[in-house]
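The lines below spell out each chain.
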Amino acid sequence: MEKRKNQWKAWIYLLPALVILLIFTVWPIINTVRMAFLEDYNALAEVGGTVFHFGFGNFTRVFNPYGGFLIALVNTVLLTVITVPISTMLALLIAVALNSIKPLRKIYQTIFFLPYVTNSIAIGMVFSAMFSIIGGGQGVRPDSWGLINSIIRAFGGDPINWVNSTINWGDGILARSRFANMCVLVIYIVWNALPFKILVLLGGLQNVNKQYYDAARVDGTSRARIFWRITVPLLSPMIAYVVITGFIGGFKEYTSVVGIFTDKMGPVGANIYTPKDNLNTMVGYIYQSLAASEGYASAAALILFVIIFAVTMVNMYVSKKRVHY
Amino acid sequence: MKVVLEHLTKIFPSRSKKDKGAEVVAVNDFNLEIPDGKLIGLLGPSGCGKSTTLFMISGLQAPTGGRIYFGDDDVTSLAPENRGIGLVFQNYALYPHLTVQQNILFPLQNLKGENRLSKEEMLTRANEVAKLVQIDEFMNRKPSELSGGQQQRVAIARALVKMPRVLLLDEPLSNLDARLRLQTREEIRRIQRDTQITTIFVTHDQEEAMSISDYIVVMKLGVIMQTGKPQWVYDDPANLFVAKFLGTPPINVFEGRVEGGRLFIGEECVFEAEGVEDQQVYVGIRPEGFILEDSGKLTCKVSGIDVMGRDVSIVSTNQGSLNPVVRSIISSDDLGKINGDTVRFNLKEHKLFVFNKDTEERVYIGGQKAVHDEAVAKMKAEGQIFASHDGPLPKEADDAARAENAAANEKKGFFSRRKKRASEGQNGGSADSEA
């Protein structure tokens, strides 16, 4: 009797959260799936507008080679595959370093954690300003090379056109470079992803029993061997977690591109309909196609979901083999 | 390998710079010579510096003062890996992600240069050690798939596989249940005998130390109280602390006095003490030191009798007793001699120890001095190691001051405050749920 009463109470407590979740999370997911399969859908259809029917039309349209979806897919996969390993390795090294120092640890921890609490659009704008070349073009020399190019020039290097459209300033042409654009994105994403990973790994490190290291010391284990044979395996659950969430986050990358290149998803003045200039990501693509048709965007979102799901499954499978415990 | 500790001292500095008095002397002028191939038990209550001593021998902690020699080599400033020691941690510190075999191989794989072994040699060595500690059938299991005793043996195997000069064990049995503890301590004894490696182990369990050690070292507040063969230390304690620390059931302590060459407990004269100055004393009587006789000199009120089969333990009370009850063990044959609720005991001379009340040091009465001198002469002749603390004993008052300092230090720590609050919150929570 007591138990039943308690359960009833528990459901009451959960109700507000459940209702909100049902309305704003569960139903939209179901509806997205439904809309993805509706052809010629428009918002007024249900109250007597155009007739709609089920079919795979939206998916065929998404995979249209000129639609930009494939470019977005390639961009997203590239960014994810490049940034996740780099940021995980860096975060691991920084976490181990942080864990091994005593003085100033708190200060460093705060510094490394700052990106996490900063608005990503704001960070993007700062990155854009740092990498940008200001002024110039049409035979006029730029007013400023921007912070990064100034540093490169101070060391005697040639300036690189990181984020601008092609500049022709008389002495020569600084062409747009997709590679340079991607570099800026990678740096931004890695830097932005570090704090959370450092936090998780540092937490894991502080839970590792110090006696393992004492035992290793007594046995004369080299630092590299301690790192690879003890630290990494003992941290493997945390590393797996960080990698899996990293992949999921990577496939949902959007704000970084908007922050640096604005919602045109490419350098200023670039033609986003050519693969060379288009830095769109999948989420960006979904957002843009929303303007064209909800069904179309839903189909793209569903495809993204399937990809993330598959990648996560692969991750889990691999980590099951590699994670100890 | 002979191990010599000379004036070994460890001081943990005070955490706050202002309060110099808060520093903790964990080990204070520790002198000991451990003969080759012996098993030594470092024994003492928690916080007496026994683990610190062990870690200084291992090299994981640097001494504040003094020197450590292995044989003729001064290893004081040598890194742990260069000392040739094997160390078994209290909770074993087995790498959870490696199998038993990989755990045992780990130290061998660290060897470099000319010491490096081939893969086959490593495997042979690992298998030999595994056989020695009898875990060879579990080589492919992970530590989490082993019982506590098996894990313990893997830890010992890992420490032994490098063929260390000295084997160090930190509270090796504290994580095992009672039955396994008995078994494992025999095991440690056997392994030590087989390998003949000088072994030092730390324990707070006097029974454990007495049962397997060649020599025990009883410590209190970082100072050696008494060293020697377990039986001698038990039979001839140098001070009240040693007497109280050794023996189960614990020794019965009474308040008493020596007056006119006679030893009194309360108003009863229990023993002759000719030639001993008048003084206030503590009288320690081992539970087995009582003889139940109608003509007995010590009168106690019986409050219970515990039957243990062969023996009977009489629980009684006496005005002079510092323990809540006096526990005496007599043969069950004498059970019939108890009539009524008072019992009278005569005392065995060699089970009765008198200590000065102020210094807590031993006062020999009757023939005890002669027995003591004879034992000492014999031990000297046989070259045994033995020592008793001389000079003023560290007082419990110091202990109290130390605890106070520790508490004061703790208060300053933010995290300890938070922890405290959390634990208080927990208590509150449980009270709520009960309501």
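Residues numbered from 1 in each chain as written. Chains lettered and ligands numbered in written order. Predicted model: local features only at pLDDT ≥ 70, side-chain atom pairs only at ≥ 80, totals over all residues.

1. A few points about the overall build of chain B
What chain B contains, in helices and strands, is 11 helices and 22 strands. Looking at chain B as a whole, 39% of its 435 residues qualify as buried. Taking all contacts inside chain B whose residues are at least 6 apart in sequence as the whole, residues at least 24 apart take part in 67%. (Helix = DSSP H or I, 4+ residues; strand = E, 2+ residues; numbered from the N terminus. Buried ≥ 20, exposed ≤ 12 C-beta atoms within 10 Å, placed from the backbone. Contact = placed C-beta atoms within 7 Å.)

2. Re the overall build of chain A
On a plain count of helices and strands, chain A comes out with 12 helices and six strands. Within chain A, the fraction of its 325 residues that count as buried is 30%. In chain A, once contacts between residues fewer than 6 apart in sequence are set aside, the share between residues at least 24 apart is 68%.

3. What about the domain arrangement of chain A?
Residues and elements named next belong to chain A. With domains assigned, chain A is organised as domain 1 (2–58) and domain 2 (65–118 + 182–322). If you average the C-alpha positions of domain 1 and of domain 2, the two centres end up 31 Å apart. Taken residue by residue, the interface counts eight residues in domain 1 and seven residues in domain 2. Among the secondary structure elements, those contributing two or more residues to the side of domain 1 that touches domain 2 are α1 (2–36) and β1 (38–39). Considering only residue class, the side of domain 1 that touches domain 2 consists of five nonpolar, two polar and one charged. (Domains from an automatic or database assignment. Nonpolar A, V, L, I, M, F, W, Y, C, P; charged D, E, K, R; others polar.)

4. A word on the domain arrangement of chain B
Put simply, an interface is often sized by how much accessible area is lost when its parts join up. Per the domain assignment, the segments of chain B are domain 1 (3–235), domain 2 (250–363) and domain 3 (396–434). Just the C-alpha atoms count here: the centres of domain 1 of chain B and domain 2 of chain B sit 39 Å apart.

5. Quick look at the sheet that holds strand β2 (residues 24–34) of chain B
All names here are of chain B. Reading across from one edge, β2-β1-β4-β5 is the order of the four strands in this open sheet, with antiparallel pairing throughout. Each end of this open sheet is capped by a strand with a single partner; those strands are β2 and β5 (73–74). With five bridges joining them, strand β1 (residues 3–12) and strand β4 (residues 65–70) adopt antiparallel strand pairing. Residue Glu 6 lies in a different strand from β4, and its bridge partner there is Arg 67. Helix α1 (residues 50–58) contacts β1, β2 and β4 of the sheet and is inclined by roughly 115 degrees relative to β1. (Pairing = 2+ DSSP bridges. Axes fitted to C-alpha atoms, helices over the stretch in contact; angles between N-to-C directions.)

6. A short note on the interface of chain A and chain B
Across the contact, 16 residues belong to chain A and 15 residues belong to chain B. At the level of elements, α8 (210–218) and α9 (223–251) of chain A are the ones that each hand at least two residues to the side of chain A that touches chain B. Element by element, the count of residues in the side of chain A that touches chain B is highest for α8 of chain A, at six residues.

7. A closer look at the packing of helix α7 (residues 178–207) of chain A against α9 of chain A
Residue and element names in this part refer to chain A. Interaxial distance between α7 and α9 falls to 9 Å at its minimum, and their mutual angle equals 165 degrees. The orientation of α7 relative to α9 falls into the category roughly antiparallel. α7 and α9 meet at a crossing whose hand is right-handed. Contact with α7, carried on its side by Ala 193, Lys 197, Val 200, Leu 201, Gly 204 and Leu 205, involves Leu 235, Met 238, Tyr 241, Val 242, Gly 246 and Gly 249 of α9 and no other residues of that element. Across the contact of α7 with α9, the residue classes tally to eight nonpolar, three polar and one charged. (Parallel < 35°, antiparallel > 145°, perpendicular 65-115°, else oblique. Left-handed = near helix turned anticlockwise from the far one by under 90°.)

8. Some details on the sheet that holds strand β12 (residues 262–265) of chain B
Sheet strands associate in pairs through backbone hydrogen bonding, adopting either a parallel or an antiparallel arrangement. Residue and element names in this part refer to chain B. Taken in spatial order, the six strands of this open sheet run β13-β12-β11-β14-β20-β21, and their pairing is antiparallel. Each end of this open sheet is capped by a strand with a single partner; those strands are β13 (268–272) and β21 (362–363). Direction of pairing for β12 relative to β13: antiparallel, over a ladder of four bridges. Bridge pairing links Arg 262 to Glu 272 in β13.

9. Considerations on unusual backbone geometry
Residues and elements named next belong to chain B. A cis amide bond links Thr 248 with the next residue in sequence, Pro 249, at an omega value of -10 degrees. As for its placement among the helices and strands, Pro 249 is situated in the loop between α8 (240–245) and β11 (252–259). Phi at His 7 is positive, roughly 45 degrees, even though this residue is not glycine. Turning to its location among the elements, His 7 is positioned in strand β1. The backbone of Ala 93 shows a phi angle near 50 degrees, a positive value even though the residue is not glycine. When you line up the elements, Ala 93 lands in the loop between β6 (85–88) and α2 (100–109).

10. Considering the packing of helix α11 (residues 282–292) of chain A against helix α12 (residues 294–322) of chain A
All names here are of chain A. Following both chains from N to C, one finds α11 and α12 inclined at 160 degrees, their axes separated by 7 Å at the closest point. The angle between α11 and α12 places the two elements in the roughly antiparallel class. Classified by chirality, the crossing of α12 by α11 is left-handed. Contacts between α11 and α12 pair Met 282, Tyr 285, Ile 286, Ser 289, Leu 290 and Ala 292 from the former with Glu 294, Tyr 296, Ala 297, Ala 300, Ala 301 and Leu 304 from the latter. For the contact of α11 with α12, a count of residues per class yields 10 nonpolar, one polar and one charged.

11. So, helix α5 (residues 120–131) of chain A
The α-helix advances 3.6 residues per turn, and as a result positions three or four apart in sequence lie on the same side. Residue and element names in this part refer to chain A. A rise of 1.5 Å per residue sets the reference length of α5, with its 12 residues, at 16 Å; its end C-alpha atoms lie 16 Å apart and thus fit the reference within 8%. Taken as a whole, α5 has its buried residues at Gly 124, Phe 127, Ser 128 and Phe 131. The buried residues of α5 occupy one face: seen down the axis, they fall within an arc of 100 degrees. Elements that come into contact with the buried residues of α5 comprise α6 (146–154), α7 and α10 (255–261). (Expected span 1.5 Å × (residues − 1). Arc of directions from axis to C-beta.)

12. Describing the environment of Lys 244 of chain B
Residue and element names in this part refer to chain B. By the secondary structure assignment, Lys 244 is in helix α8. Distance from Lys 244 to Ile 365, taken between C-alpha atoms, is 19 Å for residues 121 residues apart in sequence. Sequence-distant contacts of Lys 244, defined by excluding residues within four places in its chain, comprise Pro 250, Ile 251 and Val 253.

13. Structural notes on the confidence of the model for chain B
All names here are of chain B. A residue-level look at chain B finds 88% of positions with pLDDT of 70 or above and a mean pLDDT of 84. A low-confidence stretch, residues 410–435 stays under pLDDT 50, and its non-local contacts, those more than four residues away or across chains, total two contacts. Reported confidence for the predicted complex is 0.75 by ipTM and 0.76 by pTM. (pLDDT = per-residue confidence, 0-100.)

14. Some thoughts on the environment of His 389 of chain B
All names here are of chain B. Mapped onto the fold, His 389 is located in the loop between β22 (387–388) and α10 (396–412). With 25 residues separating them in the primary sequence, His 389 and Tyr 364 have C-alpha atoms 16 Å apart. In contact with His 389, not counting residues within four places along its chain, are Val 223, Ile 224, Met 225, Gln 226, Ala 238 and Asn 239.

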